[in-house]
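Here is how the chains run, residue by residue.
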Amino acid sequence: MKERLGVYICHCGGNISDYVDVEKVRAAIEHEEGVVFAKTTMFACSDTNQTDMVQDIHEHNLDGVIVASCSPKLHLTTFRNVTERGDLNKYTYVHANIREQASWAHSDDKLGATEKAIHLVKAAIAKSRYADPLFPNQFEAEKTIAVIGGGIAGMKAALSLAEKKSNVILIEKGNRLGGHTAEWGSLFMTDEKGFELTTRIENDLRKYNNVTILTGEEVIDTKGSIGNFELKIRRQPQKEDDPMEIMELHVGSIVVATGYDHYLPKQGEYGFGTNETVITLPEFKQLVDKSTSKSLEFKGKKINNIAYVYCVGSRQSEGENTYCSRFCCTSVIHTAIEAKKKFKGIQNIHLTRGIRTYGKQELLYAESLQMGDVYLEFDEHTLPEIHTEDKKTVVTVKDILSAGKEMEMEVDLVVLVTGMVPRADQSIGSMLKLPKGRDRFFNEIHMKLRPVETVIDGVTIAGTCQGPKNISESVNSALSAATKSFSYISKGTLETEPIIAKIDQDACSWCDKCSNACPFDAIEQIEMGGRTVASVNPIVCKGCGMCTPVCPVDAINLIGYTSEEIMSMIDALA
Amino acid sequence: MEERQIIEYDALVIGAGIAGGEAAINLANTGYKVLLVEKDHSLGGKMILLSKVFPTLDCAACITTPKVSEIARHNNITVFTESEVTHIAKKGDNDFVAQIMKKPRYVRVEDCTACQLCEKACPVSVRDEYQFGLIGRKAAFIPFSIANPKAAVIDIENCTLCGACEKACPTHCIDFTMETEYYELHAKTVILATGFNLFDPLEIPRFGYGQYKNVITSMQMEREIAPTRPYNTILRPGDGKVPDRIAYVLCTGSRDNTIGNPICSQICCMYSMKQAQLLMGALPMADITIYYINIRSFGKGFEEFYQQAKGMGVNFVKGKIGKITEKENGNLILRYEDIAEGVVKEAEHDMVVLSVGVKSNPSAGKIFDGNSLKLDPLQFVAQQDFLGSPAKTSIDGVFVAGTASGPMDIPDSILSAGSASSEAISYLTRYQSL
Amino acid sequence: MSDSFKKNAKILVFSTEKISDPAIDMAGLLKLHYPPTVYTITVPCSSGIKPSWIMHAYEKGFDGVFIAADGTDCIFGESCTEKTGNIVAMTHEKMKEKKIDPARLRMAALCSVCSEAFVKQMRSFNDYLIKTIHSNSN
């Protein structure tokens, strides 16, 4: 039981103190049993305050520390580390969330927010009294890293890990490496072709003997957690009668680089599937890349006028893809310029929703304008229409750039500038329990500062499975993910949280209910003093607590969430 | 020649903004010793001075300060502030020699308690660069409230050597005898994270910046709405009035050949919409108009943020600003071409925010032997293998992180830093004895 | 004591670290308001909540208890939905014994971005509880 607690209440600049009366909170809790002092601070997370905390711990001989500030998702680790620097066990630290769950949630009710904050801090103090020092379980980690997906992101992640002398297994479901990138023709900035780029990287990759490349193989099951993942891999049968081959891999960390699907327009969307002169951006890129004649031909007909309809499948006001696909403006302008340079008589007409050639890509847009490409702009409420008149394709659009004038033009080809959508096959995400965002791409832990890590320890996300990206952005993301995965396990030993189930073996009389409830097979039957009782394997236990409510004699508690702790918190909140 | 102290690290990271910091942490977490050199008085670069970040509206200070603390405290990272790398020579693979000049702070950081008594005692007032000139500061000052290291600095350029601060200092940490220190660093790899410069709107006289007091830059507005803001509310500098018709002029200094910057700055659309949303929260009655050419909300959650801004009532006008003039009452008349209607119009606002863009910081180009570090035509660090290895520069073993290679937002800077540190670790591994 | 404390029902929410906590945090971030008399206790997984805790909350004066279940998103496995359901069933038995209205315990699956769903749940639960508390006390 703790008896020397220090409490810090954060203003968060004003994010908290604009709505919660932090002085009132301080006054309300400073005389709680065991509280040695309570103070308010402008930014609890600031270096100055952290230094003060370390000093306070020593000076006041504290045995527990509580900070009431933002969500523990942001700063639990920060303050646990501070506690450690004050020579206290970091698990004696308790956090109260009075920003996301008080000041911000109840910014419409300052008194209510303040009352709530008081109760939340009291509950944290109650919990703190039981927060005993805990020590992590150490174990050996597998030093091999699996990269799932053999597109540009997966290949680069694997290559960068190989360069760091890590063992890598690159798993690709399809029969070749290179992903979508290998299918693109000429690429923006360097004019290197997609397959040239992917071949170059593949050749580099194959030089390393610490890389295992599996193509035509699919992950069908995953088990375990950071340091010790077990992947079940199925070899796609090459012929119908081939037997199914299944193998197991043991890895310490996983880089997920499963990529994206091209948006496939619906039947009839801008004439797709009904008018044969309507094709998608990937089809157009292939057409431009593969054609060797002097003029561009499609289905035996010479192409002069091309209309590009932007944002197909992206930025939908009605529909689930509300996001911008990011790469398509640049990709289509680059290809349109290439077509004009390569073939005679091409006139490009771009029907856009505002050009997004961000950064240096702007130079490409400028070049396109200089070459005489025509740009029209429509808004989301008046989409262009495509119809057939006398076997000719006619496009009509209300052009914002000429004060909403209705334009009509006859074209030989319509290119639907299709965006990126999340993979239809979400099996990897489901197996690894990766959370998805509103856009249905995999979600990172923090959008700004931790863009490749996920809530699942040991699993990082690289490339477009996290959201639309162009090639160099995917590569940056892949190398970042590889570095994080590498640093997780490069030391060879890992520590797991000591928050695991604990069995009161005196009360236990083995009924197997708990072991049945455990999803990880962490509970074993052991003999103790002539009795059969349950015992928890501390490395396998993940601390979910599923075993705790099923015990008929209430002999199991989850460390950190014991009945005593929870009930004392309820008392404080009531 | 000055005496040089010889020091040795695995990696030199130049620039302690968010990109340099992330790169340093990645290297340090993998076990390498890093020297992080920053010319300014604090870690955290431009991000630490922001209000909130788009599209999450997380408070920038709240997410930057822990990162900055982690950097400052890391056992494998040594930070030099007030320092400049003046020259780097590559002697061979894994062998760089850098000359570093560490300027005196005139305050012993380890003894300073940031009590601010020196600030109170100092009689000299000058423009506060960390508040972008909105208010003044003293010549003895703490750079800003969440600066790291949080310690006083003596601005020797403006100091009158009156000695008042020395007398006021309770810990006697002010020391005018401090001198510039010179170091010769031996490092195996170099990461350039020298960041960007903000466009200076004085280059566009027709917008009246510097002449009309109620025309401010977006960075000044960023400070006005930050939690550590200079005033307690949002007001226009001309007369202290709370503004209620605010205009944003996008692409100030971007996509503009007349001032020599043809490219898009990538961040201005988003930060302007963020500021607009924050302003609507702070000043519910205010009208906010964003004048734009194209809205570029291309990143994760950005388009949704744009739609949210529209939904909140931010007024978006597609039009390029021709000229800004000032009325007697300090209000401003914006002359612009309304593209939706195809006519030239005028609109009155009581405050104008210029959404200034990203310019290159070409300083890195000068420090390498014989121009061996290539820059692109806009003076950003050139990327040798843009598609395959975006962090590689023209020198093997020297990598670029963040906006030193072009405009980027925060997540892209972090990814770019991750990429640069990955390349640096691979480079270090390549020459490690087995 | 603020008005909102008098007029609102006291609700205890059991939420989970990785799934529903982020949604509840995001409700705050987006300033989606709900009654300030809603309190959250965080646990790793909704299938680790003991019925005795819920009963204790009623004894201590909470009007309602809400389990923000992980559902199929649970990071500890798919059995979570069924197990959390069992906990509710077990608790309902105990509530019957004590003659507590079973509707004072609610459960719904909340995903990590279900902020709006959370706020809706809280408002409707609050409305229900206020109505029943008033009719009981009259």
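What comes next concerns the included structure.

1. A few points about the overall build of chain B
Here's step 1: For chain B, the count of helices and strands is nine helices and 24 strands.
Here's step 2: Since a compact globule built from 434 residues should have a radius of gyration of about 22 Å, the 23 Å found for chain B is in line with a globular shape.
Here's step 3: On the principal axes, the C-alpha backbone points of chain B span a range of 70 × 60 × 35 Å.
Here's step 4: Residues counted as buried form 55% of the 434 residues belonging to chain B.
Here's step 5: If you take every contact in chain B between residues at least 6 apart in sequence, the share linking residues at least 24 apart comes to 68%.

2. Re the interface of chain B and chain A
By a widespread convention, an interface's size corresponds to the accessible area lost as its parts come together.
Here's step 1: Taken together, the contact pairs 62 residues of chain B with 63 residues of chain A.
Here's step 2: Secondary-structure elements contributing two or more residues to the side of chain B that touches chain A are α1 (18-29), β5 (58-59), α2 (60-73), α7 (302-312) and α9 (410-430) of chain B.
Here's step 3: For the side of chain B that touches chain A, the element with the most residues is α9(B), which contributes 15 residues.
Here's step 4: Class assignment of the residues belonging to the side of chain B that touches chain A gives a composition of 27 nonpolar, 23 polar and twelve charged.

3. Notes on the packing of helix α8 (residues 281-290) of chain A against helix α9 (residues 328-342) of chain A
Residue and element names in this part refer to chain A.
Here's step 1: α9 packs onto α8 with a crossing angle of 30° between their chain directions and a minimal axis gap of 10 Å. Here α9 runs roughly parallel to α8, going by the angle between their axes. At the point where α8 passes α9, the crossing takes the left-handed sense. Counting all contacts with α8, which are made through Leu281, Phe284, Lys285 and Val288, the residues of α9 involved are Cys328, Ser331, Val332, Thr335, Glu338, Ala339 and Lys342.
Here's step 2: Here the contact of α8 with α9 is composed, by residue class, of six nonpolar, two polar and three charged.

4. Digging into unusual backbone geometry
Residue and element names in this part refer to chain B.
Here's step 1: Residue proline 55 is bonded to the preceding phenylalanine 54 through a cis peptide linkage, with omega at -10°.
Here's step 2: Along the chain, the position of proline 55 falls in the loop between β4 (52-53) and β5.
Here's step 3: Omega for the bond connecting asparagine 148 with proline 149 falls within 30 degrees of zero, at 0°, which places this linkage in the cis form.
Here's step 4: Within the element layout of this structure, proline 149 appears in the loop between β11 (140-141) and β12 (153-154).
Here's step 5: The phi dihedral of glutamine 379 is positive, around 75°, even though this residue is not glycine.
Here's step 6: Take glutamine 379: it is sitting in the loop between α8 (363-367) and β24 (398-400).

5. Thoughts on the interface of chain C and chain A
Here's step 1: Across the contact, 42 residues belong to chain C and 42 residues belong to chain A.
Here's step 2: Going through the elements one at a time, α1 (3-7), α2 (20-29), β2 (38-43), α3 (51-59) and α4 (80-97) of chain C are the ones with two or more residues in the side of chain C that touches chain A.
Here's step 3: For the side of chain C that touches chain A, the element with the highest residue contribution is α2(C), accounting for six residues.
Here's step 4: Grouping the constituent residues of the side of chain C that touches chain A by class yields 23 nonpolar, 13 polar and six charged.

Conventions used here
Residue numbering note: each chain is counted from 1, following its sequence as written. Both sets of labels track the order of writing: A upward for chains, 1 upward for ligands. In keeping with the model being predicted, local features are shown solely for residues with a pLDDT of at least 70 and side-chain atom pairs are shown and tallied solely at 80 or more, while totals for entire chains, interfaces and linings include all residues. Strands are runs of DSSP state E lasting at least 2 residues, helices are runs of H or I lasting at least 4, and numbering of each runs from the N terminus. Here the globule rule reads 2.2 Å times residues to the power 0.38, and the radius of gyration is calculated from C-alpha atoms. With C-beta atoms placed from the backbone, a residue is labelled by how many other C-beta atoms lie within 10 Å of its own: buried for 20 or more, exposed for 12 or fewer, partly exposed between the two. For the purpose of contact definition, each residue receives a C-beta atom placed from its backbone, and two residues are in contact when these atoms lie within 7 Å. Polar here means any residue outside two lists: the nonpolar Ala, Val, Leu, Ile, Met, Phe, Trp, Tyr, Cys and Pro, and the charged Asp, Glu, Lys and Arg; Gly therefore counts as polar. Geometry is summarised by axes, namely lines fitted to C-alpha atoms with helices restricted to the contacting stretch, and by angles between N-to-C directions that run from 0 to 180 degrees. We call two directions roughly parallel when the angle between them is under 35 degrees, roughly antiparallel when it is over 145, roughly perpendicular when it lies between 65 and 115, and oblique otherwise. Put simply, a crossing is left-handed when the front helix is turned counterclockwise from the back one by less than a right angle, and right-handed when it is turned clockwise.

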